[in-house]
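Residue-level listing of the chains:
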Amino acid sequence: SAVISQKPSRDICQRGTSLTIQCQVDSQVTMMFWYRQQPGQSLTLIATANQGSEATYESGFVIDKFPISRPNLTFSTLTVSNMSPEDSSIYLCSVGKGLAGAGEQFFGPGTRLTVL
Amino acid sequence: KQEVTQIPAALSVPEGENLVLNCSFTDSAIYNLQWFRQDPGKGLTSLLLIQSSQREQTSGRLNASLDKSSGRSTLYIAASQPGDSATYLCAVPGGANNLFFGTGTRLTVIP
């Protein structure tokens, strides 16, 4: 298994500002994933954070809006830039254990963001 | 593109009842299927992982089945308790360890 922590657990931010979310894992992992869950919706993958290379973004998400850092194998950050109320969501990081595409996924407790 | 659907969207049952949650997926070429629990405003807790070679997996009062050829999985909860109230999500891999999630079933167990 994997134990994942996220900071902050929640925040209320003003429009136009930026927030950086931290994700820490208790073991080394190759890939970390960032998801967004908008109110009443299921999870949508934002990007895959790879150590030593740029993050890979899914369709509809861009680096300027959601810059990601991955300085080592246990840590990653996601920044939500120039926020608007539409960015109000729960942001979750996750990691996979086992073979790519065949292993179990573990999730952090999430960061609940409200943008006024 | 893989699509995952869960039925029903919401379910309310009295305490003690057995219940079944359904999950269907369009692309049967999956390595596994995972069931999660999410409490309101919180992260996801992994409940069960079924590999494609397995037909079912059990953990306590939970039993998950997988019929890969028909693109279906069920999560059976026995003797439901108020503490089981949560949203239950199923998910299948989309390659490189990311997941495609279902829409979720919001379960309420009434004391």
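For the structure, see preceding data.
Here's a quick rundown of the structure. (Residues numbered from 1 in each chain as written. Chains lettered and ligands numbered in written order. Predicted model: local features only at pLDDT ≥ 70, side-chain atom pairs only at ≥ 80, totals over all residues. Heavy atoms only, no water.)

1. Quick look at the overall build of chain A
For clarity, the threshold we go by: Strands are runs of DSSP state E lasting at least two residues, helices are runs of H or I lasting at least four, and both sets are numbered from the N terminus onward. For a compact globule the rule gives 2.2 Å times the number of residues to the power 0.38, and the radius of gyration it is set against comes from C-alpha atoms. Note on areas: Shrake-Rupley with a 1.4 Å probe; residue coverage comes only from the protein chains shown. Residues scored as charged are limited to Lys and Arg (positive) and Asp and Glu (negative), so that His and the chain ends carry no count. Where a charge sits is defined by one atom per residue type, namely NZ (Lys), CZ (Arg), CG (Asp) or CD (Glu).
Check the secondary structure of chain A and you find zero helices and 11 strands. Secondary structure elements of chain A, listed N to C terminal, follow the sequence β-β-β-β-β-β-β-β-β-β-β. For 116 residues, the compact-globule formula gives about 13 Å, and the C-alpha radius of gyration of chain A, at 13 Å, lands near that figure. By principal-axis analysis of the C-alpha atoms, chain A measures approximately 40 × 25 × 25 Å. Carbon and sulfur atoms provide 49% of the accessible area of chain A, an area that totals close to 5,500 Å². Charged side chains of chain A number 8 positive and 8 negative; the gap between the two group centres comes to 6 Å.

2. Quick word on the sheet that holds strand β3 (residues 19–25) of chain B
Residue and element names in this part refer to chain B. So the rule is basically this: We treat two strands as partners when DSSP finds at least two bridges between them. For helices, the axis comes from a line fit to the C-alpha atoms of the stretch in contact; other axes are also lines fit to C-alpha atoms, and the angle between any two N-to-C directions lies between 0 and 180 degrees.
Judged by pairing direction, the sheet is antiparallel, and its five strands sit side by side in the order β1-β3-β8-β7-β6 without closing on themselves. Where the open sheet ends on each side, the last strands, each with one partner, are β1 (4–7) and β6 (56–59). Here the strands of the sheet are splayed against their neighbours by 15° on average, with no regard to which way each runs. As paired strands, β3 and strand β8 (residues 72–77) are joined by six bridges and run antiparallel to one another. Residue pairing for β8: Ser-24 is matched across the bridge by Arg-72.

3. Points about the pattern of salt bridges
All names here are of chain B. Put simply, the rule reads: Salt bridges are defined as contacts in which a side-chain nitrogen from Lys or Arg sits within 4 Å of a carboxyl oxygen from Asp or Glu. Between buried and exposed lies partly exposed: a residue is buried under 20% and exposed over 50% of the maximum accessible area for its type, with that area taken using a 1.4 Å probe on protein chains only.
Within this structure, the stated rule accounts for three salt bridges over all chains. Asp-39 is the salt-bridge partner of Arg-37, the closest N and O atoms lying 3.0 Å from each other. In this structure Asp-39 comes out as partly exposed when scored by relative accessible area, which is 28%.

Function cannot be inferred from these measures alone, as they are strictly geometric.
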